[in-house]
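# Fold and geometry: a report
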Amino acid sequence: MDTTASKDLLGQVVKALTHVPENFNVLPKIKRMLLDRRTQVFEKGGPFDWAYGEALAFGSLLLEGIPVRLSGQDSRRGTFSQRHSVLYDAKTSERYFPLLNLSPTQARFCVYNSLLSEAAVLGFDYGYALDFQRCFASGRRSSAIS
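Residues numbered from 1 in each chain as written. Predicted model: local features only at pLDDT ≥ 70, side-chain atom pairs only at ≥ 80, totals over all residues. Heavy atoms only, no water.

## Thoughts on the overall build of the protein
Where we set the bar: Numbered from the N terminus, helices here are DSSP runs of H or I no shorter than four residues, and strands are runs of E no shorter than two. Burial classification: accessible surface area is computed with a 1.4 Å probe over protein chains only, and a residue below 20% of its type maximum counts as buried, one above 50% as exposed, and the rest as partly exposed. The contact criterion used throughout is that any non-hydrogen atoms of two residues lie within 4.5 Å.
Each helix and strand counted, the protein has 4 helices and 4 strands in total. Helices and strands appear in the protein in the N-to-C order α-α-α-β-β-β-β-α. When burial is assessed residue by residue, the protein has 38% of its 146 residues classed as buried. Taking all contacts inside the protein whose residues are at least 6 apart in sequence as the whole, residues at least 24 apart take part in 69%.

## Overview of the nonpolar core
Applied cut-off: Throughout this description, the term nonpolar core refers to a set of buried Ala, Val, Leu, Ile, Met, Phe, Trp, Tyr and Cys residues connected via side-chain atoms within 4.5 Å.
One finds Leu17, Tyr52, Leu62, Leu99 and Phe109 to be the most contacted residues of the largest nonpolar core, which totals 21 residues. Of all the elements in the fold, those that place two or more residues in this core are α1 (7–18), α2 (28–44), α3 (50–63), β1 (68–72) and β4 (109–113). If we ignore the near neighbours within four places in the chain, the residues touching Leu99 are Leu17, Ala55, Phe58, Gly59, Leu62, Gln106 and Phe109. Val26, Ile30, Leu34 and Leu87 belong to the second-largest nonpolar core, a separate cluster that totals 7 residues.

## So, the pattern of salt bridges
Once the charged atoms of two side chains with opposite charge are near each other, the side chains can pair. Going by this rule: One side-chain nitrogen of Lys or Arg within 4 Å of one carboxyl oxygen of Asp or Glu is enough to make a salt bridge.
Counted by the stated rule, this structure contains 2 salt bridges. Two residues, Lys31 and Asp36, come together in a salt bridge whose shortest N-O distance is 3.0 Å.

## What to know about empty space enclosed by the protein
What counts, and what does not: For each structure, a 1 Å grid was placed over the protein atoms alone; sets of points admitting a 1.4 Å probe that cannot get out are labelled cavities, open sets with protein on both sides within 12 Å along at least five of seven lines are labelled pockets, and lining residues have an atom within 4 Å of a point. Grid points are joined across faces, edges and corners, and a volume is the space filled by probe spheres set on the points. Residues are grouped as follows: nonpolar covers Ala, Val, Leu, Ile, Met, Phe, Trp, Tyr, Cys and Pro; charged covers Asp, Glu, Lys and Arg; every other residue, Gly included, is treated as polar.
Using the criterion set out here, one finds 1 cavity of 30 Å³ or more in the structure. Considered as a void within the structure, the largest cavity measures approximately 70 Å³ in volume. Considering the residues around the largest cavity, the lining is formed by Leu17, Arg38, Glu54, Ala55, Phe58, Leu70, Arg83, His84, Ser85, Pro98, Leu99 and Phe109. Ranked by residue count, the leading element in the lining of the largest cavity is α3, at 3 residues. Of the residues assigned to the lining of the largest cavity, the class counts are 7 nonpolar, 2 polar and 3 charged.

By themselves, these are just geometric observations and shouldn't be taken as functional.
Here's what the structure looks like:
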């Protein structure tokens, strides 16, 4: 199976990862250290850190129609603030999910923060897995996030 992604496809992911809606107030530190830096790294051709590589991989899967779902303690932010799969408006606390804004036809992206309990996560994910096939089979591929 070919797992490569074209530079154009990755460019589409980078554009979504590094842009926010107009009037969305990103913290200056996040803009500088995450959004601007990611643009520069892509333009230079690397080096890509682990979290950036993860985001590019997730984005390429989503654009290819493959759903991505994460759950666990601090999954949205990432354990050491590396992931930033959710950005927060500094003035309104509104959430923005860059990986939900790749394309109108992209696959479903879900990221959930859950309790730090293996049993709780196992139950949560097991229940989701049972229902997911039914949801996917019925054509519900919306990008619902709770």
